[in-house]
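One-letter residues, chain by chain:
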Amino acid sequence: IGDALVELGGHRGAFQAFDTMATIQPGVSSYARVAHARMLIGDLDGAIAAERLAVDAAAEQGEAEAWAHVQLGKLYLARGQFARAGSEYGDAMRAFPNYPYAYDGLALVAAARGHLKTAAAYEQRATEIIPLPQFVATLGDVYQTMGRATLARRQYATISVIERLLRANGVKTDLETALFDADHGRASLVLARRAQ
């Protein structure tokens, strides 16, 4: 219920649902939702505190623990705390080796620190495991920043292929395509409206 209310813009009701969930069934899912809700209203300290509870609740659960570390890493990254973010992504790798979302996070930290070759290597590894459009786009952006325009264009072209495959299998990609287009200076208002 809370997830649906967030998507519909009913934050007050969603947050109440998440609080009820955390009271009835404290655990990774409920703490992560509370963290997300707090992040939505700009309470990064509260989001970090809730996500730490999610990490603790996910201890020794492999991929669930890795996921919680990645979410906490994203919060630290949003604050510009690159060392803490990198530490969380490293913990994710230890919890679940070769976790592509951790490679992606490590790439973002490396890029933020200006270590573009390292960022490209991490993001390449993420795309080899699972070629998600956001990983491929980040790799393209890193190449673009490195001045390697040909490699960047190849990654951006790959995104189009992935989106066609997803659409052929019934997956709607309008919103993701609109976000990519907006990030890369292309008009995307029609796609964004279609995604509503």
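Here, every reference points to the structure presented above.
Keep in mind the model is a prediction, meaning the values are calculated, not measured.

Calculation criteria
Residues numbered from 1 in each chain as written. Predicted model: local features only at pLDDT ≥ 70, side-chain atom pairs only at ≥ 80, totals over all residues. Heavy atoms only, no water. Helix = DSSP H or I, 4+ residues; strand = E, 2+ residues; numbered from the N terminus. Buried < 20%, exposed > 50% of the residue type's maximum accessible area, 1.4 Å probe, protein only. Contact = heavy atoms within 4.5 Å. Phe/Tyr/Trp six-rings, centres within 6.5 Å; stacked < 30°, edge-to-face > 60°.

Visitor: For this particular structure, what's the right way to read the overall build of the protein chain?
Guide: Along the protein chain, the regular secondary structure elements total twelve helices and zero strands. Its helices and strands taken in sequence order, the protein chain reads α-α-α-α-α-α-α-α-α-α-α-α from the N to the C terminus. By the burial criterion, 40% of the 196 residues in the protein chain qualify as buried. Taking as baseline every contact in the protein chain between residues at least 6 positions apart, the subset at least 24 positions apart corresponds to 34%.

Visitor: What should I look at first to understand the side chain of threonine 138 in this one?
Guide: Mapping threonine 138 onto the fold places it in helix α9 (residues 133-145). By relative accessible area, threonine 138 is classed as buried at 17%. If we ignore the near neighbours within four places in the chain, the residues touching threonine 138 are Asp104, Leu108 and Glu123.

Visitor: In this structure, what is going on with the packing of aromatic side chains? I would like to understand it.
Guide: Any pair of aromatic rings gets described here by the distance separating the centres and the angle formed by the planes. Overall, the coordinates contain four aromatic pairs when judged by the stated rule. Ring centres of phenylalanine 96 and tyrosine 99 lie 5.8 Å apart, and the angle between their planes is 90°; on these two criteria the pair is classed as edge-to-face. Exposure remark for tyrosine 99: the relative accessible area of 3% places this residue in the buried category. Here tyrosine 103 and tyrosine 122 contribute two aromatic rings whose centre-to-centre distance is 6.3 Å and whose plane-to-plane angle is 35°, an arrangement assigned as tilted. Separated by 19 residues along the polypeptide, tyrosine 103 in helix α7 (residues 100-112) and tyrosine 122 in helix α8 (residues 116-129) bring together distant segments of the chain. Members of the aromatic cluster, joined through ring pairs, are Phe96, Tyr99, Tyr101 and Phe135.

Visitor: What's the story with the environment of serine 87 in this structure? I'm lost.
Guide: With respect to the secondary-structure elements, serine 87 resides in helix α6 (residues 82-95). Measuring from C-alpha to C-alpha, the distance between serine 87 and leucine 106 comes to 9.1 Å, with 19 residues separating the pair along the chain.

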